[in-house]
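Chain residues, written in single-letter form:
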Amino acid sequence: MMQTRWVIELLEAQGKTAVIGPKRNRKQQRQYDEELYKARHLIENFNAKLKQYRAIATRYDKRGVNFLGAIYLAALVIWLN
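Described in the following lines is the structure provided in the data block. Given the structure is predicted, the values throughout are model-derived calculations rather than measurements.

Each value, and the rule that gives it
Residues numbered from 1 in each chain as written. Predicted model: local features only at pLDDT ≥ 70, side-chain atom pairs only at ≥ 80, totals over all residues. Heavy atoms only, no water. Salt bridge = Lys/Arg side-chain N within 4 Å of Asp/Glu carboxyl O. Helix = DSSP H or I, 4+ residues; strand = E, 2+ residues; numbered from the N terminus. Buried < 20%, exposed > 50% of the residue type's maximum accessible area, 1.4 Å probe, protein only. Expected span 1.5 Å × (residues − 1). Polar contact = N/O pair within 3.5 Å; in protein donor to acceptor, adjacent residues only side chain to side chain. Phe/Tyr/Trp six-rings, centres within 6.5 Å; stacked < 30°, edge-to-face > 60°. Lys NZ or Arg CZ within 6 Å of the ring centre and 35° of its normal.

## Things to note about the pattern of salt bridges
Logical step 1: Per the counting criterion, the structure on display carries two salt bridges.
Logical step 2: A salt bridge links K38 to E35; the shortest N-O distance between them is 3.7 Å. In this pair, K38 and E35 are both assigned in helix α2 (residues 34–50), three residues apart and thus about one turn of the helix distant.
Logical step 3: A relative accessible area of 55% places E35 in the exposed class.
Logical step 4: Where E44 meets R40, a salt bridge forms, and the shortest distance between an N and an O atom there is 2.8 Å. Taken as a pair, E44 and R40 lie in helix α2 at a separation of four residues, close to a single helical turn.
Logical step 5: Take E44: its relative accessible area is 41%, and that puts it in the partly exposed class.

Spelled out as structure tokens, the structure:
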């Protein structure tokens, strides 16, 4: 309860928009952008699926180009499924 408010105040002080949905059992609901929240959720789910690939989660490749190629390949596999 207090932790969420603290995080939101910190984000707003930095000039960022908090996209944290309010709890349903709150008496006073906080406003948030639902479309932005949906987009953030999709991105988080995609990152979770990427982390299932061991080479990406542990970053085996030392060169950035090779690592980015592995991300492209894993993303392609995810999108084709």
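## Focus on α2
Logical step 1: With 17 residues, α2 ought to run about 24 Å at 1.5 Å a step, and its terminal C-alpha atoms sit 25 Å apart, in line with that.
Logical step 2: Taking the backbone nitrogen of E35 as reference, a side-chain oxygen 3.3 Å away marks D33 as the first, capping residue of α2.

## Points about the packing of aromatic side chains
Logical step 1: Here the structure, examined in full by the defined rule, presents two aromatic pairs.
Logical step 2: Relative to Y37, the ring of Y32 has its centre 5.7 Å away and its plane inclined at 80°; by these criteria the two rings are edge-to-face.
Logical step 3: What makes Y32 partly exposed here is its relative accessible area of 30%.
Logical step 4: According to the relative accessible area criterion, Y37 is partly exposed, its value standing at 33%.
Logical step 5: Between F46 and W79, the ring centres sit 5.4 Å apart and the planes meet at 15°, which makes this aromatic pair stacked. Of this pair, F46 sits in helix α2 while W79 sits in helix α4 (residues 64–80); the two residues are 33 residues apart in sequence, bridging distant segments of the chain.
Logical step 6: F46 sits in the partly exposed class, given a relative accessible area of 22%.
Logical step 7: One Lys or Arg, R59, reaches over the ring of F67 and ends 4.5 Å from the middle of that ring.

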